[in-house]
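# Architecture at a glance
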Amino acid sequence: MTQSGADGARPSRSTMKDVARLAGVSVKTVSRVINAEPGAGEAVRRRVLDAADRLDYRHNLGASTLRRKDGRSGIVGALLQDVGNSFSAGLLRALEDALRGAGLSVLAASLDEEPERERGIVSDLVARRADGLVLMPASRRHEYLISEYRAGLPLVFVDRAPHGLDCDSVTVDNHGGAKVATAHLVAGGHRRIAMLSDLRDIETAVQRRAGYRAAIEESGIAFDPALLVHSVRSEHEAAEVVTRLVELADPPTAILAGRNIITIGSVRALRAAGLIHQVALVGFDDFPMADLVEPALTVVRQDVRRIGAEVGRILLDRLGGSSAPPQHVVLDPTLVIRGSGEIPPPRPART
């Protein structure tokens with residue numbers, strides 16, 4: 001029973017024994033009622049629930065997991081890069097929607113591109129008997145998960161493919177998306193096209209840079225390494241890079257921003273320089289209000305709801321006992337034309 005000590009110590013929580021004592025039943029009966037197991041009549045069930053309510057009893061889910069016949073916790077871990085980012089947030093919501101009907105809750109964490117943080121959180125979730133893991137990895141190799149995978153833990157990689165471990169994954173054609181975006185700018189008459197990219201070794205960034213390079217090379221434009229900038233990690237850094245680029249003697253007339261926060265930083269810099277209507281901009285990833293700025297932003301949109309739905313579908317299949325070979329789902333992104341990517345290059349001055 002919940003009590004406060006005379007010395008001001010923190011009150012202790014009510015236990016099953018407290019509920020059993022108040023309801024006049026055994027602890028085993030309380031356990032059956034709390035865990036929705038058969039064996040207790042309706043009158044007894046109501047008495048137990050009433051006692052639990054009066055004592056403000058909170059069920060110890062971790063303890064009950066150890067007693068459940070299926071050993072399930074009802075928890076799925078989702079390890080994303082930054083749950084504060086609109087892409088990760090949208091993915092998390094889509095995953096929650098996909099799993100809610102199965103009675104599963106999602107426990108999310110941000111990895112911030114830190115491999116050691118990833119390993120620590122994975123270890124903690126495994127110790128807590130998570131039913132499955134959804135992983136947008138910060139690490140580059142994933143052999144450390146082999147033992148858990150072989151033991152039957154469902155693993156679904158999202159956004160980035162697994163390496164050193166063949167398991168389910170849902171990714172997007174990043175190469176194709178960046179290539180289409182760059183080709184769109186080329187078709188608009190641009191020949192000086194800059195790209196701002198994330199860290200050099202992030203898989204998605206590598207693929208997007210390759211798509212950009214492929215479109216440049218196929219168009220016959222000479223590649224200028226000064227226009228491809230790596231390791232842009234924040235809005236502030238993106239704004240600084242764009243400011244520097246537009247001050248070049250031969251500045252870019254168009255920019256491909258490698259992720260949503262880079263796009264936002266690019267908009268800020270172009271607006272501050274008075275070039276928001278002179279320099280074309282295409283962003284990789286859509287985000288809220290991208291259609292409300294002036295000009296509205298042309299983006300390469302990843303279907304976040306579909307990504308989350310696919311991850312949820314695969315995870316539920318595995319939890320249902322599927323032993324089919326790993327699925328590697330690759331979804332096509334969509335170029336959404338809104339205006340910023342259709343700004344033409346300046347006409348050459350007449351002599």
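A brief report on the enclosed structure follows. (Residues numbered from 1 in each chain as written. Predicted model: local features only at pLDDT ≥ 70, side-chain atom pairs only at ≥ 80, totals over all residues. Heavy atoms only, no water.)

## Things to note about the packing of helix H5 (residues 86–100) against helix H12 (residues 304–319)
- Viewed as axis vectors pointing N to C, H5 and H12 meet at an angle of 45°, and their least axial separation amounts to 8 Å. Overall, the two elements H5 and H12 adopt an arrangement that is oblique. Crossing of H5 against H12: the hand is right-handed. Contacts between H5 and H12 involve Phe87, Gly90, Leu91, Arg93, Ala94, Leu95, Asp97, Ala98 and Leu99 from the former and Val304, Arg305, Ile307, Gly308, Ala309, Val311, Gly312, Leu315 and Leu316 from the latter.
- Considered class by class, the residues forming the contact of H5 with H12 number 12 nonpolar, 3 polar and 3 charged. (Axes fitted to C-alpha atoms, helices over the stretch in contact; angles between N-to-C directions. Helix = DSSP H or I, 4+ residues; strand = E, 2+ residues; numbered from the N terminus. Parallel < 35°, antiparallel > 145°, perpendicular 65-115°, else oblique. Left-handed = near helix turned anticlockwise from the far one by under 90°. Contact = heavy atoms within 4.5 Å. Nonpolar A, V, L, I, M, F, W, Y, C, P; charged D, E, K, R; others polar.)

## Examining the layout of surface pockets
- A volume near 350 Å³ is recorded for the largest pocket.
- If you go around the largest pocket, you meet 24 residues; those closest to its centre are Gln81, Glu113, Arg160, Asp198 and Arg259.
- Contributions of two or more residues to the lining of the largest pocket are made by H5, helix H9 (203–218) and helix H11 (260–272).
- Sort the elements by how many residues they give to the lining of the largest pocket and H9 lands first, with 3 residues.
- Here the lining of the largest pocket is built from residues that sort into 6 nonpolar, 8 polar and 10 charged. (1 Å grid on protein atoms, 1.4 Å probe; cavity = no way out; pocket = protein on both sides within 12 Å on 5 of 7 lines; lining within 4 Å. Points joined across faces, edges and corners; volume = space filled by probe spheres on them.)

## Section: the sheet that holds strand S2 (residues 105–110)
- A sheet is described by the order of its strands in space; here 6 strands give the open sequence S2-S1-S3-S4-S5-S11, paired in parallel fashion. Single-partner strands in this sheet number two, and they are S2 and strand S11 (328–331). Across this sheet, the average inter-strand angle for adjacent strands is 15°, counted without regard to direction.
- Alignment of strand S4 (residues 155–158) against strand S5 (residues 168–172), held across 3 bridges, turns out to be parallel. Paired with valine 156 across the two strands is aspartate 168, which belongs to S5.
- On the sheet, H5 packs against strand S1 (75–80), S2, strand S3 (132–135) and S4 and is oriented at approximately 165° with respect to S1. (Pairing = 2+ DSSP bridges.)

## Considerations on unusual backbone geometry
- With an omega dihedral of 0°, the bond running from glutamate 294 to proline 295 counts as a cis peptide bond.
- Looking at where proline 295 falls in the secondary structure, it is placed in the loop between strand S9 (280–284) and strand S10 (298–301).
- A positive phi angle, close to 60°, is found at serine 231, a residue other than glycine.
- With respect to the element layout, serine 231 can be found in the loop between strand S7 (228–229) and helix H10 (235–246).
- Residue serine 231 is classed as partly exposed on the basis of its relative accessible area of 33%. (Buried < 20%, exposed > 50% of the residue type's maximum accessible area, 1.4 Å probe, protein only.)

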